[in-house]
Amino acid sequence: MAAGTEAITKSTQPETLTKPLDSRAEPPKAALATPSAKEAAIKAKPRATQMLNSKTAEQQFDSNPANDFIYRPGEIVWFSKRTSAWGLSVVLKRNMQNNERRYLLQPLSHPASHPAAVVRDRDSIRPWLAWSVPHPTIAQLRELTYDQVPWARVVNGEFGKGDAEVDGSILAAKAINESYSLFDRVDLPTAPGEVHYKGMFLGGEKIWVGEPVRLMGRTKDEIVILVVNQMIERTVDATSAVTIVGDIYKFIEMPVPAEYKDPQNWPVNEDLPIRVNADLSFRNQVSADAGGNTWCEWRLLEPMARKGLNDIKGRWYETKLLLPTLRGKATFDLDVQAGTVSDASLFMNSRGEVLGSRPGLRKKNRLATLGGAVPADTKISRGLDGPPEDNIIPVQDQ
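Caption draft 1: Representation of the overall build of the protein chain in the model. Helices and strands together make up the secondary structure of the protein chain, namely nine helices and 14 strands. Residue burial in the protein chain is summarised as follows: out of 398 residues, 53% are buried. Carbon together with sulfur atoms contributes 52% to the accessible area of the protein chain, which is approximately 18000 Å² in total.

As structure tokens, this is what we get:
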């Protein structure tokens, strides 16, 4: 078996590899809000959409609550090496076979050689920001970037003992985390120097217009999202700057207002994406089924806000979809029985917390971002936006 990125879960660094950076075993409850039925009501007429584009088939698939493929083609993920070790890889494609969600993954490495692609199911994968990245095993590489390392010399042992393949994956993931690229340009009249896009790769994750992203809060435990309405890139003197425009919401927990004791009276905020509303309904139903008195909602803080890439923590994930993976199904089921499910974001790192991170570097496309960390003939599926044959996982890779 190839070395892959075994250092990521070697026994010398167990805490780094199994918990988010702050190592909290249990996140604190969100601050309780003042119960006010009038203030709590979130049903509203949907504002006139300012989205500049219709959704592609893949974009629509990723926005559907019925889609429980957590990971997306082009994303960086942790994968089980079917030993005690976990590695870092990029998702090449995903499909369903025998009612099982499967992913074809290309492990990251140094450019001198690359491990073979592997297939894993959802239980054998974790999101990129679920765990922290360790230091390289070779001390002399710790202050270098992926492209600065003389990999041929490292592989020959000139830099001392360590695992070159592991260190290649660590430094590659760090470089990818610091980069971004945009795709699916929207061909509409815009201001001079501005271009709108339907989606982007931000660090290790893939983000679409029309979906929520986790936003930096005023405090460590404040849960804030921005529902992306526009992705705008402005280029001046060959320098790129991206602005994300959308509505900002804060997660609120409070005692159940009297009129919401009857689930038929539960409001639905039509300005929120359907994935967010479905997750909210699940969490309120869990509390109600357990006889609890906690009501959850997303409260609008600022409409059509403009934020930079460094304001974004990362993708938003549904509690029901991700927490059974991060917490373990048995623990999650106990939380559900007790009516106390936590927000998935409290178990995730942010893009800015990754080892030695810095402001984003614009790359031409995703393959340019991956660089020598993957084979030169690597191809990333466009899912439903590409040819159907691109989603087939070859038998030899299974």
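Having seen it, we continue.
Caption draft 2: The arrangement of empty space enclosed by the protein in detail. Per the stated rule, a full pass over the model turns up three cavities of 30 Å³ or more. Of the volumes computed, that of the largest cavity is approximately 80 Å³. Taken together, D62, N64, P65, N67, F69, I70, R72, R275, R315, E318 and L321 make up the full set of residues lining the largest cavity. Residues that form the lining of the largest cavity fall into these classes: four nonpolar, two polar and five charged.

Caption draft 3: A look at the sheet that holds strand β5 (residues 125-127). The antiparallel open sheet is built from five strands, whose spatial order is β4-β3-β2-β1-β5. Bordering the open sheet on either side are β4 (118-121) and β5, each of which pairs with just one other strand. Neighbour-to-neighbour, the strand axes of this sheet turn through a mean angle of 50°, independent of strand direction.

Caption draft 4: Structural detail: the packing of helix α7 (residues 319-327) against helix α8 (residues 329-338). Packing of α7 against α8 brings their axes to within 6 Å, and their N-to-C directions diverge by 130°. Judged on the interaxial angle alone, α8 and α7 are oblique. Packed against α7, whose contacting residues are T319, K320, L323, P324 and R327, the element α8 presents K329, T331, F332 and D335 at the interface. Partitioning the contact of α7 with α8 into residue classes produces three nonpolar, two polar and four charged.

Caption draft 5: Fine view of the pattern of salt bridges. Taken as a whole, this structure holds 21 salt bridges when the rule is applied. Among the ionic pairs, R94 bridges to D62, the shortest N-O distance being 2.8 Å. Of this pair, R94 sits in strand β2 (residues 86-97) while D62 sits in helix α3 (residues 57-62), placing them 32 residues apart in sequence. R94 sits in the buried class, given a relative accessible area of 8%. The partner of R275 in a salt bridge is E211, with the nearest N and O atoms 3.2 Å apart. Pair noted here: R275 is in helix α6 (residues 274-289) and E211 is in the loop between β8 (205-208) and β9 (212-215), with a separation of 64 residues, a long-range link.

Caption draft 6: Local environment of the nonpolar core. L108, W128 and W298 are the most contacted members of the largest nonpolar core, which has 67 residues in total. Here this core takes seven residues from helix α5 (residues 164-177), the largest share from any one element. In terms of nonpolar packing, the next biggest core, distinct from the first, is built from 20 residues, L182, V209, V213 and L226 among them.

Caption draft 7: Structural context of unusual backbone geometry. Located in the positive-phi region is R82, a residue other than glycine, with phi close to 65°. Along the chain, R82 falls in the loop between β1 (76-80) and β2. Judged by relative accessible area, which is 62%, R82 ranks as exposed. A positive phi angle, near 55°, is found at D184, a position not held by glycine.

Caption draft 8: View of α7. Turning to α7, its buried residues number three or more, namely T319, L321, L322, L323, T325 and R327. Where the residues of α7 are buried, they touch β5, α6 and α8. A positive phi of about 95° marks G328, the residue just after α7.

Caption draft 9: Spatial organisation of the packing of aromatic side chains. According to the stated counting rule, one finds 13 aromatic pairs in the structure shown. With centroids separated by 4.6 Å and ring planes inclined at 40°, the aromatic side chains of Y260 and W295 adopt a geometry described as tilted. A residue pair is termed long-range when its members are at least 10 positions apart, and Y260 in the loop between β11 (239-255) and α6 and W295 in strand β12 (residues 294-308) qualify at 35 residues. The same class applies to Y260 and to W295, which are both buried. Connected via pairs of aromatic rings, a cluster forms that spans F61, F69, Y71 and Y103.

Caption draft 10: Inspection of the side chain of T56 at higher detail. With respect to the secondary-structure elements, T56 resides in the loop between α2 (37-40) and α3. Within the local environment of T56, its side chain forms a polar contact with the side chain of D385, the two groups lying 2.8 Å apart. Residues contacting T56, with those up to four places away along its chain left out, are D184, K198, W208 and D385.

Caption draft 11: Molecular detail of the environment of T319. The residue T319 is located in helix α7 in this model. C-alpha of T319 to C-alpha of R283: the two residues are 36 residues apart in sequence and 8.0 Å apart in space. Setting aside residues no more than four positions away along its own chain, T319 makes contact with D279, F282, R283, P324, F332, V341, S342, D343 and A344. In this structure the side chain of T319 is engaged in a polar contact, spanning 3.4 Å, whose partner is the backbone oxygen of S342.

Caption draft 12: Geometry of the environment of S169. Considering the arrangement of structural elements, one finds S169 in helix α5. Classification of S169 as buried rests on a relative accessible area of 0%. Once the C-alpha coordinates of S169 and S109 are considered, the two residues, 60 residues apart in sequence, prove to be 4.6 Å apart.

Caption draft 13: Here's a closer look at the side chain of D167. In this fold, D167 is placed in helix α5. Buried and unpaired, D167 has no salt bridge, with R142 as the nearest side chain of opposite charge at 7.7 Å. Among the polar contacts made by the side chain of D167, one reaches the main-chain amide nitrogen of I138 at a distance of 2.9 Å. Residues within four places of D167 in sequence aside, it is in contact with P136, T137, I138, L141 and W151.

Parameters at a glance
Residues numbered from 1 in each chain as written. Predicted model: local features only at pLDDT ≥ 70, side-chain atom pairs only at ≥ 80, totals over all residues. Heavy atoms only, no water. Helix = DSSP H or I, 4+ residues; strand = E, 2+ residues; numbered from the N terminus. Buried < 20%, exposed > 50% of the residue type's maximum accessible area, 1.4 Å probe, protein only. Areas by Shrake-Rupley, 256 points an atom, 1.4 Å probe, with all protein chains shown as cover. 1 Å grid on protein atoms, 1.4 Å probe; cavity = no way out; pocket = protein on both sides within 12 Å on 5 of 7 lines; lining within 4 Å. Points joined across faces, edges and corners; volume = space filled by probe spheres on them. Nonpolar A, V, L, I, M, F, W, Y, C, P; charged D, E, K, R; others polar. Pairing = 2+ DSSP bridges. Axes fitted to C-alpha atoms, helices over the stretch in contact; angles between N-to-C directions. Parallel < 35°, antiparallel > 145°, perpendicular 65-115°, else oblique. Contact = heavy atoms within 4.5 Å. Salt bridge = Lys/Arg side-chain N within 4 Å of Asp/Glu carboxyl O. Core = buried A, V, L, I, M, F, W, Y, C linked by side-chain atoms within 4.5 Å. Phe/Tyr/Trp six-rings, centres within 6.5 Å; stacked < 30°, edge-to-face > 60°. Polar contact = N/O pair within 3.5 Å; in protein donor to acceptor, adjacent residues only side chain to side chain. Lys, Arg positive; Asp, Glu negative; His and termini not counted.

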